[in-house]
Amino acid sequence: MNEGKAVVLWTKYLPAIRILLKKAVTVEQQMTFSKIELMSVDNRKNANFSFNLEISNGKVENSIGVPAMGKDLFNVLNGDLIVRNFMLDKKIMIQMSRQSLLTFRCN
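To start, this report covers the structure provided alongside it. Numbers given for residues are sequential positions, taken from 1 along each chain in its written order. Whole-chain, interface and lining totals are the exception, using all residues; otherwise, since this is a predicted model, local features are given only for residues with pLDDT of at least 70 and side-chain atom pairs are given and counted only at 80 or more. Only hydrogens and water are removed before side-chain values are computed, so all heavy atoms of the structure are retained for them.

Strands qualify as paired when DSSP identifies two bridges or more between them. Labels follow the DSSP assignment, with helices taken as runs of H or I lasting at least four residues and strands as runs of E lasting at least two, numbered in each case from the N terminus. With antiparallel pairing, the five strands of this open sheet are ordered in space as 1-5-4-2-3. Of all strands in the sheet, those with a lone pairing partner are strand 1 (29–32) and strand 3 (59–60), marking the two edges. In this structure, strand 1 lies alongside strand 5 (residues 101–106), joined through four bridges in antiparallel fashion. Within strand 5, the residue paired with Gln29 across the bridge is Phe104. Contacts: residue pairs with any heavy atoms within 4.5 Å of one another. Note on method: axes are straight lines fitted to C-alpha atoms, helices fitted across the in-contact stretch only, with angles between N-to-C directions ranging 0 to 180 degrees. Contacts between helix 3 (residues 68–79) and the sheet are confined to strand 2 (51–56), strand 3 and strand 4 (91–96), with strand 2 contributing the most and set at about 35° to the helix.

Moving on, we get to helix 1 (residues 7–23). Between its first and last C-alpha atoms helix 1 spans 23 Å; for 17 residues at 1.5 Å apiece the expected length is 24 Å, and the two agree. Here's how the labels work: a residue is buried when its accessible area is under 20% of the maximum for its type, exposed when over 50%, partly exposed in between, all with a 1.4 Å probe on protein chains only. Considered for burial, the residues of helix 1 that qualify are Leu9, Trp10, Tyr13, Leu14, Ile17, Leu20 and Leu21. For a helix, the expected span equals 1.5 Å multiplied by the number of residues minus one.

It is worth spelling out the side chain of Glu37 at this point. Along the polypeptide, Glu37 turns up in helix 2 (residues 35–39). Its relative accessible area of 16% is what places Glu37 among the buried residues. Counting of polar contacts relies on pairs of N or O atoms within 3.5 Å, with two restrictions inside protein: one atom must be capable of donating a hydrogen and the other of accepting it, and residues adjacent in sequence are counted only when both atoms are side-chain atoms. Within the local environment of Glu37, its side chain forms a polar contact with the side chain of Lys12, the two groups lying 2.8 Å apart. Among all residues touching Glu37, those that are not within four sequence positions of it are Leu9, Lys12 and Tyr13.

Quick look at the pattern of salt bridges now. Salt bridges are identified by distance alone: a Lys or Arg side-chain nitrogen within 4 Å of an Asp or Glu carboxyl oxygen. In this structure the tally under the stated criterion is four salt bridges. Close ionic contact of Arg18 with Asp80 constitutes a salt bridge, the shortest N to O distance being 2.7 Å. You can see Arg18 sitting in helix 1 and its partner Asp80 sitting in the loop between helix 3 and helix 4 (81–87), a full 62 residues away along the chain.

By themselves, these figures tell us nothing about what the structure is for.
What follows is the structure in structure tokens.
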């Protein structure tokens, strides 16, 4: 999958992701996506949508090896002024599992 393909998906869910990130400061938050929705981003038969994204003080710590879907998520988050300011002084872990479960942890 090429970078940029998931931007529409992440932009659609940005308002919900903002809320989940704020709540993740106190307790882990999760969000589930349907396979059909993810297939609209990448319709390969056995596409793997999983990724781990580590953001520390507003910067991706593990940029090497993060799939395009994860990079697109960071680009959407970083492009939003509210989220960018929120991320500046925090360590955030975002994980998308093979079961299409997006998990947010924030310290």
